[in-house]
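# Summary of the model geometry
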Amino acid sequence: MAEGVIDLKGKRAIVTGASRGIGRATALMLARAGADVGFAYHTRDEDAETVVAEIQQAGRQAWSVGSDLGVRQGADQLFAACDDNFGWVDIFVANAGIWPPEHVALVDMTDETWTEMMRANLDSVFYTVRGAARRMADGGRIVIVSSTAGQRGEAGHSHYAATKGAVIAFVKSLAVELASRDITVNAVAPGWIDTEMAAPALAEEGMRDQVVAEIPLGRIGSADDVAGPIVFLCSKLARHITGEVLNVNGGSVLCG
Ligand code: NAP
């Protein structure tokens with residue numbers, strides 16, 4: 001899909017959360033477009049090994065690191081591997097994240113539930129994007145995966161929405177800060193996407209039909225539907241786009 005018009009040969013890309021879902025689809029598409037790809041995941045070693053093999057089958061260099069990116073030491077492990085295997089970074093996609101399906105009302109939210117969300121979805125973005133920016137070549141690309149929730153909120157998931165809104169403010173700040181190095185920084189904001197993350201919610205009685213009915217294009221997106229726009233933002237085609245939020249949601253209107 002990304003081959004041809006988008007040529008990333010010689011580029012060194014890192015994707016977080018690429019053992020499955022949107023991250024995996026992005027890593028594979030970057031590899032098919034010509035990039036070597038290193039990636040991070042948390043605990044799913046076997047899934048990660050499969051993705052490494054798939055990238056290698058595309059003829060590209062691949063490596064992976066399993067660690068908790070919500071703590072600095074976990075991010076340090078990723079960048080130690082980056083220094084050993086790549087030396088520098090051209091493309092960085094901060095995609096790893098969590099969305100526990102349970103609704104939690106603010107009045108019932110424990111300190112631990114809030115803190116765990118901040119660690120996994122926001123601290124991880126800070127640690128990894130900082131590490132990538134320190135190693136990024138001029139003309140590099142940073143893409144952070146946000147969500148519709150980060151723009152219109154999400155009742156029952158206010159902690160998740162807060163992290164996804166925060167990364168948009170982070171993107172807009174860094175877009176200006178890193179512009180002098182010709183590094184672009186953008187967010188991709190998916191709506192409902194068919195991955196393991198969304199599966200338990202979509203499996204609830206009547207939920208899939210209800211979700212589809214609210215999407216003008218009449219379908220739930222695939223991981224590839226998000227990977228394509230991410231790879232576009234990582235390409236030369238997008239060199240004059242920075243500080244933007246690219247919504248990938250089938251036309252769902254973004255208002256409260
Ligand atoms: P997914 O299928 O649940 O995959 C999550 C990925 O993140 C996995 O590779 C997982 O590693 C990794 N990960 C989670 N916590 C981590 C941690 N603390 N340290 C390192 N890696 C960690 O999710 P997805 O649906 O592809 O979602 C990807 C991104 O899109 C997330 O930021 C999510 O918030 C966002 N998003 C998704 C949807 C949707 O409907 N799916 C909608 C809007 C936004 P393991 O495999 O090892 O656990």
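As a reminder, the structure under discussion sits directly above these lines.
Our subject in this report is the structure included herewith. The structure displayed is predicted, hence computed values, not measured ones.

Reading guide: rules and limits
- Residues numbered from 1 in each chain as written.
- Predicted model: local features only at pLDDT ≥ 70, side-chain atom pairs only at ≥ 80, totals over all residues.
- Heavy atoms only, no water.
- Near = heavy atom within 4 Å.
- Polar contact = N/O pair within 3.5 Å; in protein donor to acceptor, adjacent residues only side chain to side chain.
- Areas by Shrake-Rupley, 256 points an atom, 1.4 Å probe, with all protein chains shown as cover.
- Helix = DSSP H or I, 4+ residues; strand = E, 2+ residues; numbered from the N terminus.
- 1 Å grid on protein atoms, 1.4 Å probe; cavity = no way out; pocket = protein on both sides within 12 Å on 5 of 7 lines; lining within 4 Å.
- Points joined across faces, edges and corners; volume = space filled by probe spheres on them.
- Nonpolar A, V, L, I, M, F, W, Y, C, P; charged D, E, K, R; others polar.
- Pairing = 2+ DSSP bridges.
- Axes fitted to C-alpha atoms, helices over the stretch in contact; angles between N-to-C directions.
- Contact = heavy atoms within 4.5 Å.
- Core = buried A, V, L, I, M, F, W, Y, C linked by side-chain atoms within 4.5 Å.
- Buried < 20%, exposed > 50% of the residue type's maximum accessible area, 1.4 Å probe, protein only.
- Expected span 1.5 Å × (residues − 1).
- Arc of directions from axis to C-beta.

### Considerations on the site of the ligand
As a matter of local geometry, the ligand sits amid 30 residues, with Ser-19, Arg-20, Thr-43, Tyr-160 and Thr-195 nearest to it. Separating an oxygen atom of the ligand from a backbone N or O atom of Asn-95 is a distance of 2.7 Å. Taking 910 Å² as the accessible area of the ligand by itself, protein coverage stands at 95%. Elements with a minimum of two residues in the shell around the ligand: α1 (21-32) and α6 (158-177).

### A closer look at the layout of surface pockets
Here the second largest pocket defines a volume of roughly 360 Å³. Lining the second largest pocket are 18 residues, and of these Lys-11, Gly-139, Arg-141, Ser-235 and Lys-236 lie nearest its centre. Looking at the lining of the second largest pocket, the element that brings in the most residues is strand β5 (residues 136-145), giving 4 residues. For the lining of the second largest pocket, the residue count by class is 6 nonpolar, 4 polar and 8 charged.

### Some words on the sheet that holds strand β4 (residues 89-94)
Where strands meet in a sheet, backbone hydrogen bonds hold them as pairs that are either parallel or antiparallel. Ordered by their spatial adjacency, 7 strands build an open sheet running β3-β2-β1-β4-β5-β6-β7, and the pairing between neighbours is parallel. In this open sheet, the two edge strands, each paired with only one partner strand, are β3 (62-66) and β7 (245-248). The mean inter-strand angle of the sheet, taken between neighbouring strand axes irrespective of direction, is 15 degrees. The pairing of strand β1 (residues 12-16) with β4 spans 3 bridges and is classified as parallel. Looking at the pairing, Val-15 lines up with Val-93 of β4. Set on the sheet, α1 makes contact with β1, β2 (36-41), β4 and β6 (184-190); between it and β1 the angle comes to about 170 degrees.

### Side note on the nonpolar core
Counting 37 residues, the largest nonpolar core has Leu-8, Val-15, Leu-30, Val-37, Phe-39, Ile-55 and Ile-230 as the members making the most contacts within it. At 7 residues, the largest contribution of residues to this core is made by α1. For Leu-30, the contacting residues outside a window of four places in its chain are Leu-8, Ala-13, Val-15, Ala-35, Val-37, Ile-91, Val-231 and Cys-234. In this structure, Ile-14, Ala-81, Met-136 and Ile-183 belong to the second largest nonpolar core, which totals 28 residues.

### Some words on helix α3 (residues 72-85)
Its 14 residues give α3 an end-to-end C-alpha distance of 20 Å, which sits within 8% of 20 Å, the value for a rise of 1.5 Å per residue. Along α3, the residues classified as buried are Gly-74, Ala-75, Leu-78, Phe-79, Ala-81 and Cys-82. One side of α3 carries all its buried residues, which in axial view fall inside an arc of 150 degrees. For α3, the exposed residues set more than 90 degrees away from the buried face come down to Gln-73 and Asp-84. The inward-facing, buried residues of α3 abut β1, β2, β3, β4 and α4 (111-135). The first or second residue beyond α3 is Gly-87, which carries a positive phi of 90 degrees.

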